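Residue-level structure breakdown
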Amino acid sequence: MHWGLSVTNVKSFLLCLFIASSFIATPSCSGPVQNDQSNKDHEAIQGEWEIVDAESNGVPPPPGMFDHAKFVFSGNKLALLGKDRTFELDATKNPKQIDFKNVGQIGIYELNGDNLKLCVGPADDRPKEFKTRPRTDHSLFLLRRKR
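Residues numbered from 1 in each chain as written. Predicted model: local features only at pLDDT ≥ 70, side-chain atom pairs only at ≥ 80, totals over all residues. Heavy atoms only, no water.

Side note on the sheet that holds strand 4 (residues 83–90)
Taken together, the eight strands give a closed barrel; going around it, the order is 1-2-3-4-5-6-7-8, and neighbouring strands pair in antiparallel fashion. Going from strand to strand, the sheet's axes swing by 30° on average, the running direction of each strand aside. Pairing geometry for strand 3 (residues 77–80) and strand 4, over four bridges, is antiparallel. Looking at the pairing, L80 lines up with K83 of strand 4. Against the sheet, helix 2 (residues 36–45) touches strand 1 (47–56), strand 2 (70–74), strand 4, strand 5 (96–100), strand 6 (105–112), strand 7 (115–122) and strand 8 (139–145), its axis set at about 150° to strand 4. (Pairing = 2+ DSSP bridges. Helix = DSSP H or I, 4+ residues; strand = E, 2+ residues; numbered from the N terminus. Axes fitted to C-alpha atoms, helices over the stretch in contact; angles between N-to-C directions. Contact = heavy atoms within 4.5 Å.)

See below:
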């Protein structure tokens with residue numbers, strides 16, 4: 001299945017994007033996992049990241065949808081689509097995990113130099129791989145560090 005140019009398809013993708021973009025909001029009561037690799041990844045993830053590719057529920061976005069969109073990690077905050085959100089990394093898991101506080105979204109990440117993969121899903125369904133399928137409410141973002 002691929003996106004056509006119909007208004008219905010664009011609205012469906014925007015709904016999935018809204019769900020994915022609202023996954024990170026406010027701090028939670030649990031403390032961050034403290035270990036050397038998580039701390040190193042936390043440092044390495046800081047900065048601006050451009051969206052290279054994305055999909056939600058197994059479907060890519062319409063062309064140009066993410067032009068000029070970016071993820072900005074600063075401290076334990078992520079700015080995305082004009083909102084600040086709080087995140088926590090756990091590099092002790094395989095795949096590595098990222099949790100977005102108090103918004104019911106959890107995910108996995110892979111950080112490789114200037115490339116970052118994020119796959120997120122609902123709080124009761126952490127993705128196990130970096131791909132999405134229909135009706136999973138999983139979203140995948142492939143990001144590249146902005147220079």
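Let us keep going from here.
A look at the side chain of T86
With respect to the helices and strands, the residue T86 is situated in strand 4. Engagement of the side chain of T86 in a polar contact is seen with the side chain of K77, the distance being 3.5 Å. (Polar contact = N/O pair within 3.5 Å; in protein donor to acceptor, adjacent residues only side chain to side chain.)

Things to note about the pairing of strand 5
Sheet topology note: the strand 4/strand 5 ladder contains four bridges and is antiparallel. For F87, the partnering residue across the bridge sits in strand 5 and is F100. The hairpin turn running from strand 4 into strand 5, its antiparallel successor, is five residues long. Sheet analysis places strand 5 next to strand 6, joined by five bridges and oriented antiparallel. If you follow K96 over to strand 6, its bridge partner there is Y109.

Looking at the side chain of S56
Positionally, S56 belongs in strand 1. Given a relative accessible area of 4%, S56 falls into the buried group. A polar side-chain atom of S56 sits 3.0 Å from a polar atom in the side chain of S139. (Buried < 20%, exposed > 50% of the residue type's maximum accessible area, 1.4 Å probe, protein only.)

Quick notes on the environment of L143
You can see L143 is positioned in strand 8. Residue classification places L143 among the buried residues on the basis of a relative accessible area of 2%. Taking C-alpha positions, L143 is 5.0 Å from L116, a pair spaced 27 residues apart along the chain. If we skip the residues at most four places from it in the chain, L143 touches W49, E50, I51, V52, F71, D114, N115, L116 and L118.

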